[in-house]
Structure formats: C-alpha cells, structure tokens
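Residue-level listing of the chains:
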Amino acid sequence: MIQTDSDSSKRVAYFYNRFIGKFQYGKEHPMKPKRIIMAHNLIVNYGLFRQMDVYLIREAQLQEIGKFHDPDYIIYLSQFMSQNKINFVKEYCSANNESVIPENLLEEFKLIIKWSQQQKVKTENSEFKVGDSPDNPTFSGLFSYCQLSSGASIDCAHSILTGQADIAINWSGGLHHAKKKEASGFCYINDIVLCILELLRVYVRVLYVDIDCHHGDGVEEAFYLTNRVMTLSFHQYGDDFYPGTGQLNSVGVGVGRYYSVNVPMKPGMSDQPYIEMFKKITSRVMQVYRPDCIVMQCGADSLSLDKLGGFNLSIKGHGACVEYMKSFGIPMILLGGGGYTIQNVSRCWAYETGIALGQQIDQAIPSNDIYYDYYSPDYLLHFPIKQNVENRNKTEDLNKIVATVYDYLSHIEN
Ligand code: TV1
Ligand code: CA
Ligand code: ZN
C-alpha cells in the first residue's frame, strides 16, 4: 500500500450492511446487489477498513423517505417489505413452533399503519406501475433494500454535517433515476435526493457530480428549479441510450437556470479525453459555484467492458475523477450507482475507497478473498481495457461542449 497524498488526515466514514448484497432483482436482471458484498470484501481484505470508521447501515424510516417521495408511492412500495417480512415471520414462527410475531416487527407494522393513516394515503392504488417493466421488478424485500440504501446516504450526510467525517461512502447508494412517485432505471427510492436535502438543512450550496454512464435525471429533476444545488452529469447520449434526457441545453428553469449542467457524449470515451473534459468542466464549476459540499455518484458502468455502458474508461481513469474532486478539500460524499460487469465494479470501488483514504492499493487481489475466482485470469486490480475501440467523439465536438458549458456558467453571478 502506498500513501499517495500528504493529507492522510481525512476522516472517512464507510457505510455497509451485508443484507444489501442478498437482495435479487431477478436472475437475468443486470443489477446485482452482490457487487456491494464483493466490493466490501476487497475493502476488508486490502485492510482499508482499519483506517475508516465503519458504520452499520440502518433502514431509513417512512417519514425520512417522505421528505422527497409521495406518501402514496411510499406506502405502495412498503407492501413489498411487509409481505416479505410477514413471510419471514411466518417461516420463523413455524420453524420455531411459535405463534407470536417478534415484538420489533409488530411495532414496525403498527408504525406503517399509523403513518399511512396520518398521511391520508389512498388504500386503492392502481396508479403505480412498479413491476410492469422488467427494469423495475418487484422482488422479495424490495422496500427493505430501498430503506437500507437510502438510510446509508442520509447517514452519510449526517456524518459530514456533524463533522465526524470529511468523506463519507455508501457504495449501495447512487440510485439516480428514481422520481418522486415513480420507479425507473433499476431505481425506486432516490437516496441521492434524500442525502442532498439533508445537507441543505445546513449548507447553502451543494454540488452533485455524476459519472455514471447514464444521465442522472432523477436528481436533476428534483433540483431543476433551485440554485442551491448544482447538478452535473457526464453521460452517454444518443441512439436511444437510456434515459434519453441530459441534452447540453437542459440547463434548469427559473432561479435554477444554469444550475443544471449536462455533458452528453457518444460511446467510446477513453481515459485521456474523459479526464480532460472532466477537469475542464469541474474546475470551472468549482470556481463559479463554490459549493460547501460535493456529492459524487460514482456509477461504474462508465468503465470499459461494462455490460450496459459504452464508455472505455480504466479504473485509474474513473478514479482520477474522484481524486480530482477530492483535491478541492471540501466535504465529500461518495455514492455507488450503475456497474454491470460486477468483478470490475468491486475493483473500482475498492480502488476509490483507497483514493478517499489517500492510499494506492496493491495491484494483486488479496488471495484470501472469497470471490477470488471472479478476478481470474489475472487476479489483478487493474483490468486491461478493451482495445481497438473507436472514440466516436471528435475532439472538436468535445471542445464545443466545453465552450458551451463555460458560456452557460458565465451567467452565474459571483
Ligand atoms: C431484466 C432482465 C431487465 C434483463 C434490463 C438495459 C433488464 C436491461 C435486462 C436494461 C437489460 C436498460 C431501458 C427499455 C426503456 C428501457 C443504477 C424502452 C441487457 C443507475 C438503467 C438502464 C441504468 C435502464 C441504471 C435501461 C443506472 N438497459 N437486461 N435496461 N425501455 N432501460 O432502456 O443508471 O446505471 O439489458
Ligand atoms: Ca452520469
Ligand atoms: Zn448507469
């Protein structure tokens, strides 16, 4: 392990709960929560956990989720927890030959009923379509999964606000497509919006940076009308690539005008041009916006060889973006997101946990890792990127994007 910066004094809070990795969207579904366990195992086996404050993720409560989401939608989703837990309890009771529901679960059910009555939730809900699209299936424990993912992102905000940490990490968060009352793109509850809303209780300006290969539409939409959050997304765009939003000229509305920044790119982006774009844009954003805090969505589907994304970044290139944002020295929250070639996702997030700690972890994957075989044939941290990939972005197109973004940012008053 090599110390890569003189500033090793950054306190890092890391949030984890092994239950998250146990949920399943479905056998064929590209989103695999197991990658969170795999990343965690690397983080443990590389010895990184010893240098961080490791916190157990808790489930966000209904009223916390209600700070952004629609009460009817929350109650609708919560059935996928209750049913699961009721089944669990039934199994538990029959296995133990008992007929009583454990006290804590009973309390939980009572709270849900009480909250839904307070919120005047309609009982007949047909307007929500979760489960209709294969992207957003209903699965056992779905709501618990959402509660854990968002509980961690909310607690990331708290650990920053209380001064307990300089950098807080939740690799199970970053579900940037979820809307106020709609699931989309594998995302049901928007942990990022909930995290930022918590930060806004104290901070005046929050910068959101999204390097997932997809556009961060849910976060952009939530803050489209405000100047207290600047959303900045780098993403693949065109040829019906999901979700189809995030054009260069989507800049925000009203007082939010020019506080949404989009960097749409064609497939094939490799390290050198991507990092150059990233630095040119984020340096100007930092200069004009001067945020109090950065929330970074580190979706790993922008890596080479991803099953869904078409970019061609190496782990070092992806990590260079995280390192660059860290170099501004203001509080930062790192969240996960997409990433569908799971052995590369875990590699990437372990490497970036090292970056948060100012440490460069070894190239050899620790041989005691339970998932060691996933890292064959080389068993190395840095995988070779795809060769002979054409970057379909011309230098002049990229320069034009930078010039346009600079022009938009010039409208922001200092
Ligand atoms: C079940 C089984 C679902 C196999 C979904 C890829 C699947 C996809 C599947 C898939 C798949 C998408 C669309 C189509 C819009 C729909 C976490 C017209 C092999 C943050 C979400 C991408 C990305 C959604 C999420 C996208 C994130 N691509 N196989 N689904 N409809 N949906 O295109 O940004 O990474 O692909
Ligand atoms: Ca993005
Ligand atoms: Zn994505």
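Our subject is the structure listed above.
Participant: Describe helix H9 (residues 315-326), with residues and values.
Facilitator: If you check H9, its first and last C-alpha atoms are 16 Å apart, about what 12 residues at 1.5 Å a residue would give, namely 16 Å. Among the 12 residues that make up H9, 9 are buried, leaving the element largely enclosed by the rest of the structure. Along H9, the positions that sit buried rather than exposed are Ile315, Gly317, His318, Gly319, Cys321, Val322, Tyr324, Met325 and Lys326. Of the residues flanking the start of H9, the one acting as N-cap is Ser314, its side-chain oxygen 3.2 Å from the backbone nitrogen of Lys316.

Participant: So what's going on with the pattern of salt bridges? Residues and values would help.
Facilitator: According to the stated counting rule, one finds 7 salt bridges in the structure shown. Here Glu198 ties to Arg201 by a salt bridge, and the two come within 2.9 Å at their closest N and O atoms. A relative accessible area of 62% places Arg201 in the exposed class. Between Asp239 and Arg392 there is a salt bridge whose closest N-O contact spans 3.4 Å. Here Asp239 is found in the loop between strand E6 (229-236) and strand E7 (260-265), whereas its partner Arg392 is found in the loop between strand E10 (359-360) and helix H11 (395-409), with 153 residues between them in sequence. Residue class for Asp239 comes out exposed when judged on its relative accessible area of 65%. A single network of salt bridges, built from pairs that share partners, joins Arg58, Glu64 and Asp155.

Participant: Got a sec to walk through helix H5 (residues 142-161)? Specific residues and values, please.
Facilitator: Between its terminal C-alpha atoms H5 stretches 29 Å, which fits the 28 Å expected from 20 residues at 1.5 Å a residue. Across the 20 residues of H5, 18 count as buried, placing the element largely inside the fold.

Participant: Please set out unusual backbone geometry residue by residue, giving values where relevant.
Facilitator: That bond from Tyr242 to Pro243 is cis: its omega, -5°, falls within 30 degrees of zero. Summarising the element assignment, Pro243 is placed in the loop between E6 and E7. With an omega dihedral of 5°, the bond running from Ser376 to Pro377 counts as a cis peptide bond. Here Pro377 lies in the loop between E10 and H11. The backbone of Arg290 shows a phi angle near 45°, a positive value even though the residue is not glycine. Inspection of the secondary structure puts Arg290 in the loop between helix H8 (271-289) and strand E8 (293-297). Located in the positive-phi region is Leu305, a residue other than glycine, with phi close to 70°. Relative to the assigned elements, Leu305 resides in the loop between E8 and H9.

Participant: How would you summarise the pairing of E7 if you had to cite specific residues and measurements?
Facilitator: Taking burial as the measure, the 6 residues of E7 include 6 buried ones, the bulk of the element. Of the two faces of E7, the one carrying Ser260, Asn262 and Pro264 and the one carrying Val261, Val263 and Met265 are both buried.

Participant: How would you summarise the packing of H8 against H9 if you had to cite specific residues and measurements?
Facilitator: Running from amino to carboxyl end, H8 crosses H9 at an angle of 15°, the nearest separation of the two axes being 10 Å. Between H8 and H9, the crossing angle belongs to the class labelled roughly parallel. Once H8 is placed against H9, the crossing between them reads as right-handed. Of the residues in H9, those touching H8 at Asp271, Tyr274, Ile275, Phe278, Lys279, Thr282, Ser283 and Met286 are Gly317, Ala320, Cys321, Tyr324 and Met325. Per-class residue counts for the contact of H8 with H9 are 8 nonpolar, 3 polar and 2 charged.

Participant: How would you sum up the packing of helix H1 (residues 34-45) against helix H10 (residues 342-356)? Please name residues and give values.
Facilitator: Look at H1 against H10: their axes get within 8 Å of each other, and the N-to-C directions meet at 45°. As the angle between them shows, H1 and H10 are arranged oblique. Pair H1 / H10 crosses with right-handed handedness. On the side of H1, the interface is formed by Arg35, Ile36, Met38, Ala39, Leu42 and Ile43, while H10 contributes Ile342, Gln343, Val345, Ser346, Arg347, Trp349, Ala350 and Thr353. Split by residue class, the contact of H1 with H10 holds 9 nonpolar, 3 polar and 2 charged.

Participant: Run through the coordination of the zinc ion (ligand 3), naming residues and quoting values.
Facilitator: Coordination of the zinc ion (ligand 3) by the protein involves Asp212 (OD), His214 (ND1) and Asp301 (OD), with metal-donor separations of 1.9 to 2.0 Å. Motif for the zinc ion (ligand 3), donor spacing along one chain: D-x1-H-x86-D. Taken together, the residues span a long stretch of sequence, with His214 in the loop between strand E5 (206-210) and helix H7 (217-222) and Asp301 in the loop between E8 and H9 at a distance of 87 residues. Asp301 shares its class with His214; the two are buried.

Participant: Lay out the pairing of E8 in plain terms, naming residues and giving numbers.
Facilitator: In terms of residue burial, E8 counts as a mostly covered element, since 5 of its 5 residues are buried. Inspection of the sheet shows E5 paired to E8 by 5 bridges, in the parallel sense. Following the sheet pairing, Val209 is matched in E8 by Met296. The pairing of E8 with strand E9 (residues 332-335) spans 4 bridges and is parallel.

Calculation rules
- Residues numbered from 1 in each chain as written.
- Chains lettered and ligands numbered in written order.
- Predicted model: local features only at pLDDT ≥ 70, side-chain atom pairs only at ≥ 80, totals over all residues.
- Heavy atoms only, no water.
- Helix = DSSP H or I, 4+ residues; strand = E, 2+ residues; numbered from the N terminus.
- Expected span 1.5 Å × (residues − 1).
- Buried < 20%, exposed > 50% of the residue type's maximum accessible area, 1.4 Å probe, protein only.
- Polar contact = N/O pair within 3.5 Å; in protein donor to acceptor, adjacent residues only side chain to side chain.
- Salt bridge = Lys/Arg side-chain N within 4 Å of Asp/Glu carboxyl O.
- Axes fitted to C-alpha atoms, helices over the stretch in contact; angles between N-to-C directions.
- Parallel < 35°, antiparallel > 145°, perpendicular 65-115°, else oblique.
- Left-handed = near helix turned anticlockwise from the far one by under 90°.
- Contact = heavy atoms within 4.5 Å.
- Nonpolar A, V, L, I, M, F, W, Y, C, P; charged D, E, K, R; others polar.
- Donors = N, O, S within 2.8 Å, 3.2 Å for Na, K, Ca; no water.
- Pairing = 2+ DSSP bridges.

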